[in-house]
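# Architecture and fold: a report
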Amino acid sequence: MPVRHILLALMVVAIWGVNFTVIKLSVTDLPPFLAAALRFTFAAFPAVLFIRPPQVNWTRIVLFGLSSSFGIYAFLNLAIYFGITAGLSSVVLQTQAFFTILFAFFLLGERPRSIQIVGAAIAFAGIGVIAVERYGDASFGPLFMVVAGAMCWAVANIVTKRSQGADALALTVWGAAIGTVPLFAISFAVEGFETDMAAIANAGISTWLVIGFLAYAATLLGLGTWTYLMRRHPASTVAPFTLLVPITGLVSGAVFLGETISLPSAAGGALVIAGLLVPVLWRGRTV
């Protein structure tokens, strides 16, 4: 993998880590569902006017939009709005890797390796440690909203796997367009149409810059660059870079938001990251 491609991978990791901090800023300025709806509106338009729909069944495109653009960020934005830190959410969301393995077993018949099961057990032990602390300080709910978002991400991964040959950028753009519909619907129903319109009318340039970063940098640039790398190198070479996302997420939360992590949450987060690392470090061995 040439140095310039390593640098591109690190750029994506940095953007996706900072993404959690920027989401925190977006739900500070806007209602959480509205912030997600605006993110994917800008990610979809005007790109959807120039990019053809991916050449797959429309049912899969709709399911991808509902699980990725809607599902992940409806839960994640709400969890961050209700108080889970940007850094901790960046760690917990990575459990999507193990939900993907679980869903692939039941839906695709893919048998996980023993070491993947061990890694999942370690990661979910970390979730348990964090949950015990969250239960004690009454913020148990937001943690499991992030876990629900991770499950939605896993569903999106399965749909993507079932859509072999589809252009990843086209799938993202059209999935974003589909996701805006339920996001706006739930925003108008829960947050209120008048509240949303007032929030948009009162949004300053900093708010629109935040939405622009989420739409264009985190969604389109990040995914486009990642797709470019995945097509030119083995997945086993590129995929491990995502293990750095929780690190950049924790660092950006600390630097830009002044977030601190308690000792139990740090220990639980370390277990989650260890669980993600174990299968990667063990690759090539037999168990």
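All of these numbers come straight from a predicted model, not from anything done at the bench.

## Looking at the pattern of salt bridges
Pairing of side chains with opposite charge becomes possible as their charged atoms draw close. Considering all chains together, one arrives at one salt bridge under this definition. Of the charged contacts, one joins K161 and E110 as a salt bridge, the two residues approaching to 3.5 Å between their closest N and O atoms. Highlighted residues: K161 in helix α7 (residues 140-162) and E110 in the loop between α5 (96-108) and α6 (114-136), separated in sequence by 51 residues.

## With respect to helix α2 (residues 32-44)
For α2, which comprises 13 residues, the first-to-last C-alpha distance of 19 Å matches the rise-based estimate of 18 Å (1.5 Å per residue) to within 8%. Among all positions in α2, only P32, F33, L34, A35, A36, A37, L38, R39, F40, A43 and A44 are buried.

## Structural notes on the packing of aromatic side chains
Evaluation of the coordinates by the stated rule reveals ten aromatic pairs. Aromatic side chains F99 and F124 sit 5.4 Å apart centroid to centroid with 75° between the ring planes, which places their arrangement in the edge-to-face category. Of this pair, F99 sits in helix α5 while F124 sits in helix α6; the two residues are 25 residues apart in sequence, bridging distant segments of the chain. What makes F124 partly exposed here is its relative accessible area of 30%. Through a chain of ring-to-ring contacts, the aromatic side chains of F98, F99, F103 and F124 assemble into a single cluster. Directly above the aromatic system of Y73 lies the positively charged group of R39, at a separation of 4.3 Å from the ring centroid.

## Digging into the nonpolar core
One finds I23, L30, Y73, L76, I84, V92 and V146 to be the most contacted residues of the largest nonpolar core, which totals 75 residues. Discounting chain neighbours no more than four positions away, the residues touching V146 are L76, A79, I84, S89, V92 and L93.

Rules behind the numbers
Residues numbered from 1 in each chain as written. Predicted model: local features only at pLDDT ≥ 70, side-chain atom pairs only at ≥ 80, totals over all residues. Heavy atoms only, no water. Salt bridge = Lys/Arg side-chain N within 4 Å of Asp/Glu carboxyl O. Helix = DSSP H or I, 4+ residues; strand = E, 2+ residues; numbered from the N terminus. Expected span 1.5 Å × (residues − 1). Buried < 20%, exposed > 50% of the residue type's maximum accessible area, 1.4 Å probe, protein only. Phe/Tyr/Trp six-rings, centres within 6.5 Å; stacked < 30°, edge-to-face > 60°. Lys NZ or Arg CZ within 6 Å of the ring centre and 35° of its normal. Core = buried A, V, L, I, M, F, W, Y, C linked by side-chain atoms within 4.5 Å. Contact = heavy atoms within 4.5 Å.

Any functional reading would require information that these geometric values do not contain.
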